[in-house]
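Remarks on the overall topology
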Amino acid sequence: MKPLSRALEITVISGENLRESRTQWVKKNVFVNIKTESSSNIQTTRMDKEGGSFPVWNEKLIVDMPMHARYLTVEVQCKTSSGIKTIGIARVPTSDFIGGYLPENYLHLLSYRLRDEKGEKNGIINFSVKVKNVQPYSSTGCATAYSQQWTAAPVAMGSNASGGVVTGIPVYPSSYN
């Protein structure tokens, strides 16, 4: 049985004010890793070889995110002569782009402060997120009811239908009758 998940379309746009250390700006070879909570699946951008402390990727990644995930981790790294160095990490709460009254495929433009391994501020990452779909538990459609859309039929209250108070009455899908 496959866990219920969502596909996220994440476009990693750019970074700002990235430093390798307190005194040294990032020069080149910067890339971004994105992963979801409790997942070993990591998506990685190409390396920006020219942008230095202001890299630009404009690269779209598709990330499979479990329904129970509470955050998304965005990690900016650079390749140096001594190996891979983490520039900064941002933990993005899923509530910043999932839930509420926004429709599926709504484009969220987000900017987050990066923190280095010591917890100090180290630049900003800019990206967008679109929630693409919900995948069912299995091929038998066990979670179909979970993803059903509920609609509300407006009912006019009072004698004047055009200016009266309107309330929503749940209309259940036919499978629930």
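Relevant structure appears above.
Residues numbered from 1 in each chain as written. Predicted model: local features only at pLDDT ≥ 70, side-chain atom pairs only at ≥ 80, totals over all residues. Heavy atoms only, no water.

Some details on the nonpolar core
- One finds Leu-8, Ile-10, Ile-34, Phe-97, Ile-125 and Phe-127 to be the most contacted residues of the largest nonpolar core, which totals 29 residues.
- Among the secondary structure elements, those contributing two or more residues to this core are strand 1 (5-16), strand 2 (30-36), strand 4 (56-66), strand 5 (71-80), strand 6 (83-93), strand 7 (108-115) and strand 8 (121-135). (Core = buried A, V, L, I, M, F, W, Y, C linked by side-chain atoms within 4.5 Å. Buried < 20%, exposed > 50% of the residue type's maximum accessible area, 1.4 Å probe, protein only. Helix = DSSP H or I, 4+ residues; strand = E, 2+ residues; numbered from the N terminus.)

As for the pattern of salt bridges
- Tallying each qualifying case throughout the model produces five salt bridges.
- Taking the shortest distance from any N to any O, the salt bridge between Lys-60 and Glu-9 comes out at 3.8 Å. You can see Lys-60 sitting in strand 4 and its partner Glu-9 sitting in strand 1, a full 51 residues away along the chain.
- Judged by its relative accessible area of 53%, Lys-60 falls in the exposed class.
- In this structure, Glu-59 engages Arg-46 in a salt bridge whose closest nitrogen and oxygen atoms are separated by 3.9 Å. Residue Glu-59 is found in strand 4, and its partner Arg-46 is found in the loop between strand 3 (42-44) and strand 4; the two are separated by 13 residues along the sequence.
- Exposure remark for Glu-59: the relative accessible area of 18% places this residue in the buried category.
- Residue classification places Arg-46 among the partly exposed residues on the basis of a relative accessible area of 40%.
- Because the salt bridges share partners, they merge into one network encompassing Glu-9, Lys-60 and Lys-132. (Salt bridge = Lys/Arg side-chain N within 4 Å of Asp/Glu carboxyl O.)

So, to be careful, I would describe these as geometric facts and stop short of saying anything about function.
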